[in-house]
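Inside the fold
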Amino acid sequence: MASVCVIMIGDVVGDPGLDVLEKRLPELKADCGAHLVVVNGENAAGGFGLTEESLARILLAGADVVTGGNHIWEKREFWPVLESGKPVLRPANYPQDGSPQGGVSGRGWLVLEKQLDGQNISFLVINLQGRKRMTAIDCPFRCFDAILAETRESGGGGTAAPARPLVVVDFHAESTEEKESLGYYLDGRAALVAGTHTHVQTTDERILPNGTAYITDLGMTGALNGVIGMDAGICINRARSQIAYRMECARPESETDCAVQGIIAELDRESGRALGIRRIRG
Ligand SMILES: [Fe+2]
């Protein structure tokens with residue numbers, strides 16, 4: 001049985017997140033011999049969105065694919081980078097009508113080929129976004145179905161055949177109910193479904209009945225001495241005054257105030273089923 005190791009890292013928040021990612025990811029990759037590394041970067045540029053520079057730092061640290069979320073649109077100058085062919089995704093289910101004004105930049109999924117024992121492994125990495133307590137974009141459930149159909153991976157459940165790509169999904173969503181629902185909806189069709197967006201790591205990692213590795217939220221990568229990676233004082237003021245003061249990243253006082261959070265999953269290449277999933281926090 002040839003197993004494949006995948007690392008998924010939760011939302012990188014600002015420079016504290018980039019710094020700790022650069023320190024920890026190479027060692028994590030080497031330790032587990034990762035074949036694929038997916039990092040959510042939607043908060044990497046000062047806490048909001050991505051820039052070309054922050055994307056380059058995440059890729060140089062060892063990511064194969066950088067995923068996004070609602071903040072991916074934050075920096076207008078980054079939109080052309082979404083079209084540049086670099087391995088960066090925005091949620092696939094943003095509405096697109098093909099008109100010059102109506103479309104959105106970039107792509108929501110990609111296929112990546114890697115090598116294992118001299119043979120190709122194919123990964124289909126998909127970025128989706130939830131709609132509960134978030135912007136009412138297109139349905140992430142139907143969007144996933146459409147992507148599978150487009151990549152000739154359609155079919156009502158069951159495990160993936162040997163030649164099929166291993167499907168890895170970053171579901172950027174607020175609602176736990178919506179995240180678990182998508183996990184079960186994709187069970188047996190995706191090898192790995194991981195939630196992002198809340199920045200708080202959940203302890204519900206498990207393998208679903210038809211073989212999909214699942215976690216509701218990977219957690220964030222950055223300073224732990226704050227509120228979701230941001231300055232606690234500003235967040236308290238926002239909560240007490242109900243004024244949307246601009247948030248700033250928390251400032252770590254020492255290296256131990258920062259962590260990389262995510263999961264390592266082991267997948268069976270032939271069946272497309274998960275063999276294990278464990279959390280990273282440190
Ligand atoms: Fe985020």
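Here the structure is shown first, and the text comes after it.
Now for a description of the structure that goes with this document. Everything numeric in this text was worked out from a predicted model, so none of it was measured.

Here we come to the packing of helix H1 (residues 14-32) against helix H2 (residues 52-61). It is the contact of H1 with H2, at a shortest axis distance of 9 Å, that shows an interaxial angle of 20°. The angle between the axes of H1 and H2 places the two elements in the roughly parallel class. The handedness of the crossing between H1 and H2 comes out as left-handed. Taken together, the residues of H2 that come into contact with H1 (itself represented by Asp15, Leu18, Asp19, Leu21, Glu22, Leu25 and Pro26) are Ser54, Arg57, Ile58 and Ala61. Looking at the contact of H1 with H2 residue by residue, the classes come out as 6 nonpolar, 1 polar and 4 charged.

Tracing the backbone through its elements, the reader meets alanine 191 in the loop between helix H5 (176-186) and strand S7 (192-196). When the C-alpha positions of alanine 191 and lysine 23 are compared, they lie 28 Å apart, and in sequence the two are 168 residues distant. Beyond its immediate stretch of four places on either side in the chain, alanine 191 contacts Leu166, Val167, Gly211, Thr212, Ala213, Leu267, Gly272 and Ala274.

A separate point is the sheet that holds strand S13 (residues 274-281). The 5 strands lie next to each other as S3-S2-S1-S12-S13, forming an open sheet whose pairing is mixed. Edge strands, defined here as strands with exactly one partner in the open sheet, are strand S3 (65-67) and S13. On average, each strand axis in the sheet is inclined to that of its neighbour by 20°, with strand direction left out of account. Both strand S2 (residues 36-40) and S3 contribute to a ladder of 3 bridges, which runs parallel. Paired with valine 38 across the bridge in S3 is valine 65. Contacts from H1 reach strand S1 (3-9), S2, strand S12 (261-268) and S13, with the element oriented near 165° to S1.

The pairing of S12 with S13 spans 7 bridges and is antiparallel. Among the inter-strand pairings, isoleucine 263 is bridged to a residue of S13, identified as arginine 279. The hairpin formed by S12 and S13 contains 5 residues between the paired strands, and glycine 272 there has a positive phi angle of roughly 75°.

Spatial strand order, S4-S5-S6-S7-S9-S8: 6 strands in an open sheet with mixed pairing. The open sheet is flanked by strand S4 (109-116) and strand S8 (206-207), the only strands paired with a single partner. Bridge count between S7 and strand S9 (residues 213-215): 3 bridges; the pairing is parallel. When the bridges of S9 are listed, alanine 194 appears paired with isoleucine 215. Taken strand by strand, helix H4 (residues 140-150) contacts S4, strand S5 (119-129) and strand S6 (166-172), and its axis lies near 155° from that of S5.

All of the protein donors around the iron ion are Asp11 (OD), Glu42 (OE), Asn43 (OD1) and His199 (NE2); their distances to the metal are 2.1 to 2.4 Å. In this structure, the iron ion is surrounded by 4 donor atoms whose angles at the metal cover 83 to 163°, and the resulting shape is irregular. In terms of primary sequence, the donors binding the iron ion are separated according to D-x30-E-N-x155-H. Here the residue asparagine 43 occupies a position in the loop between S2 and H2, and histidine 199 occupies one in the loop between S7 and S8, the gap between them amounting to 156 residues. The same class applies to asparagine 43 and to histidine 199, which are both buried.

With that settled, the discussion passes to unusual backbone geometry. Even without being glycine, histidine 199 reaches a positive phi, approximately 70°. The class of histidine 199 is buried, set by a relative accessible area of 9%.

The next point concerns the pattern of salt bridges. Counted according to the given criterion, the structure contains 16 salt bridges. Aspartate 15 is paired through a salt bridge with arginine 57; the nearest N and O atoms lie 3.3 Å apart. In this pair, aspartate 15 is assigned in helix H1 and arginine 57 in helix H2, connecting sequence segments 42 residues apart. Taking relative accessible area as the criterion, aspartate 15 reaches 46% and is therefore assigned partly exposed. The shortest N-O distance in the salt bridge between lysine 114 and aspartate 64 comes to 3.1 Å. With lysine 114 in strand S4 and aspartate 64 in the loop between H2 and S3, the pair connects residues that are 50 residues apart, well separated along the chain. Residue classification places aspartate 64 among the buried positions, given a relative accessible area of 16%.

Analysis parameters
Residues numbered from 1 in each chain as written. Predicted model: local features only at pLDDT ≥ 70, side-chain atom pairs only at ≥ 80, totals over all residues. Heavy atoms only, no water. Axes fitted to C-alpha atoms, helices over the stretch in contact; angles between N-to-C directions. Helix = DSSP H or I, 4+ residues; strand = E, 2+ residues; numbered from the N terminus. Parallel < 35°, antiparallel > 145°, perpendicular 65-115°, else oblique. Left-handed = near helix turned anticlockwise from the far one by under 90°. Contact = heavy atoms within 4.5 Å. Nonpolar A, V, L, I, M, F, W, Y, C, P; charged D, E, K, R; others polar. Pairing = 2+ DSSP bridges. Donors = N, O, S within 2.8 Å, 3.2 Å for Na, K, Ca; no water. Tetrahedral: all angles 85-135°; square planar, octahedral: opposite > 155°, others 65-115°. Buried < 20%, exposed > 50% of the residue type's maximum accessible area, 1.4 Å probe, protein only. Salt bridge = Lys/Arg side-chain N within 4 Å of Asp/Glu carboxyl O.

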